[in-house]
Amino acid sequence: DANDEDLLSPNTVLNIAHRGASGHAPEHTIPSYETAEEMVGDYIEIDLQMTNDGELIAMHDADVSRTTNEEGLVHNFSLDEIKAFDAGTWFNEKNPERAQPVFSNVSIPTLEEIIERFGPDSNYYIETKTPEKYPGMIEELISLLEKQQFIGPNARKGKVIIQSFSEDGLQEVSQLDPSIPLIQLISYNDTASITNDQMEEIKDYAIGIGANYEHLTEEYVAKVRDAGLLLHAYTVNEEDDMKQLIEWGVTGIFTDYPDRLSGVLDGV
Ligand code: G3P
Ligand code: CA
């Protein structure tokens, strides 16, 4: 894994545990993050949704039905209600070969619980999901991170990265605290391309781009890197793809299997 001083270096390939080690354990649960930490990734990745009483929780979807035993939108539930949901049995049913009794009935963690569990020695790569739909989400996130001293003058550089598909959401973070490293997420449907003007605009507020890997090309990676932006590819689970992207020059990879990426990086 990267040295802490080197986390944001353009010469590092970050191992970012996507939703934790979500290939091995139910995504966005404490066991998933614990597994990621055991596999010595550089960051645990956390998607954020917000409950109707304003609590930030770790969940990818706006709807709870894929990853819990309940149905409905996160923003229609209170934290107390959400806490009673079973966020692990679905994984055991879907992945019998990876099922573990300990996963059943595991609960959805709040961001605060994750931070308290893993503390200042871990690094956090946090995604604000649809911040435009959650008034107050960004203020809540920043205040939580300040309280833990994960951002601000005493924080280690790169301890927290904030990512979003929402440029407005990233701009809002940047206005509240311009020192937080930001990644602009982009999802390409076809061969990835970007203009110099677009890259200059992103450089105004972000240190790099997070892009889906399937449509990346060697030329695109070089162009983004030459512009002085970092490039983190998501979500890469096959070793051959990891090797190819590293050869092209990406500076980070989101993976559900941080153990596989560690193995690839050890061989580089
Ligand atoms: O955050 C990078 C990647 O996780 C974006 O895709 O849908 O898995 O959040 P998604
Ligand atoms: Ca994400």
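Everything below is about the structure shown above.
Residues numbered from 1 in each chain as written. Chains lettered and ligands numbered in written order. Predicted model: local features only at pLDDT ≥ 70, side-chain atom pairs only at ≥ 80, totals over all residues. Heavy atoms only, no water.

Some details on the overall build of the protein chain
Within the protein chain, the secondary structure is distributed over 10 helices and 9 strands. In terms of overall size, the protein chain behaves like a compact globule, its C-alpha atoms giving a radius of gyration of 18 Å where 268 residues would be expected to give roughly 18 Å. Expressed as lengths along the three principal axes of its C-alpha atoms, the size of the protein chain is roughly 50 × 40 × 35 Å. The proportion of buried residues among the 268 residues of the protein chain is 56%. Expressed as a percentage of contacts within the protein chain between residues at least 6 apart in sequence, the contacts between residues at least 24 apart total 57%. Summing over all exposed atoms, the protein chain offers an accessible surface of approximately 11,900 Å²; the carbon and sulfur share of this is 43%. (Helix = DSSP H or I, 4+ residues; strand = E, 2+ residues; numbered from the N terminus. Rg over C-alpha atoms; globule rule 2.2 N^0.38 Å. Buried < 20%, exposed > 50% of the residue type's maximum accessible area, 1.4 Å probe, protein only. Contact = heavy atoms within 4.5 Å. Areas by Shrake-Rupley, 256 points an atom, 1.4 Å probe, with all protein chains shown as cover.)

Focus on the coordination of the calcium ion (ligand 2)
Note on the calcium ion (ligand 2): its protein donors are Glu-45 (OE), Asp-47 (OD) and Glu-127 (OE). The metal-donor distances range over 2.2 to 2.3 Å. Because the angles between the 6 donor atoms bound to the calcium ion (ligand 2) fall within 56 to 161°, the donor set is best described as irregular. For Glu-127, a relative accessible area of 4% gives the class buried. (Donors = N, O, S within 2.8 Å, 3.2 Å for Na, K, Ca; no water. Tetrahedral: all angles 85-135°; square planar, octahedral: opposite > 155°, others 65-115°.)

Here's the deal with the pairing of strand β1 (residues 14–17)
The alternating pattern of β1 places Leu-14 and Ile-16 on one face and Asn-15 and Ala-17 on the opposite face, and all of these are buried. Alignment of β1 against strand β9 (residues 252–255), held across 4 bridges, turns out to be parallel. The residue bridging Ala-17 from the neighbouring strand is Thr-255, located in β9. Relative to strand β2 (residues 43–50), β1 is paired through 2 bridges, and the arrangement is parallel. When the bridges of β2 are listed, Ile-16 appears paired with Tyr-43. (Pairing = 2+ DSSP bridges.)

Some remarks on the site of ligand 1
Taken together, His-18, Arg-19, Glu-45, Asp-47, His-60, Glu-127, Lys-129, Gln-163, Leu-185, Tyr-234 and Phe-254 form the complete shell of residues around ligand 1. Between His-18 and ligand 1, the recorded distance is 2.7 Å, taken from a side-chain N or O atom to an oxygen atom. Between an oxygen atom of ligand 1 and a side-chain N or O atom of Glu-45, the distance comes to 2.9 Å. For ligand 1, whose unbound accessible area comes to 280 Å², protein coverage reaches 90%. Its residues placed into classes, the shell around ligand 1 shows 3 nonpolar, 3 polar and 5 charged. (Near = heavy atom within 4 Å. Polar contact = N/O pair within 3.5 Å; in protein donor to acceptor, adjacent residues only side chain to side chain. Nonpolar A, V, L, I, M, F, W, Y, C, P; charged D, E, K, R; others polar.)

A look at the packing of aromatic side chains
Tallied over the entire structure, the rule returns 10 aromatic pairs. Consider the rings of Phe-77 and Phe-85, whose centres lie 5.0 Å apart with planes at 90°: the pair is edge-to-face. Per residue, the accessibility class of Phe-77 equals that of Phe-85, and both read buried. A centroid spacing of 5.2 Å and a plane angle of 25° characterise the contact between Tyr-124 and Phe-150, whose relative ring orientation is stacked. A residue pair is termed long-range when its members are at least 10 positions apart, and Tyr-124 in strand β4 (residues 124–128) and Phe-150 in the loop between α5 (137–147) and β5 (160–164) qualify at 26 residues. Residue Tyr-124 is classed as buried on the basis of its relative accessible area, which comes to 0%. Here the aromatic residues Tyr-43, Tyr-125, Phe-165, Tyr-234 and Phe-254 are joined through ring pairs into a cluster of three or more. The ring centre of Phe-118 lies 4.6 Å from the NZ or CZ of Arg-117, which sits over that ring. The ring of Tyr-257 carries Arg-260 above its face, with NZ or CZ at 3.7 Å from the centroid. (Phe/Tyr/Trp six-rings, centres within 6.5 Å; stacked < 30°, edge-to-face > 60°. Lys NZ or Arg CZ within 6 Å of the ring centre and 35° of its normal.)

A word on the packing of helix α9 (residues 239–248) against helix α10 (residues 258–266)
In the contact formed by α9 and α10, the axes pass within 10 Å of each other and the chain directions differ by 50°. With respect to their mutual orientation, α9 and α10 come out oblique. In the packing of α9 onto α10, the handedness of the crossing is right-handed. Taking contact as the criterion, the partners of Glu-239, Met-242, Lys-243 and Ile-246 in α9 are, on α10, Arg-260, Leu-261, Val-264 and Leu-265. In terms of residue class, the contact of α9 with α10 is built from 5 nonpolar, no polar and 3 charged. (Axes fitted to C-alpha atoms, helices over the stretch in contact; angles between N-to-C directions. Parallel < 35°, antiparallel > 145°, perpendicular 65-115°, else oblique. Left-handed = near helix turned anticlockwise from the far one by under 90°.)

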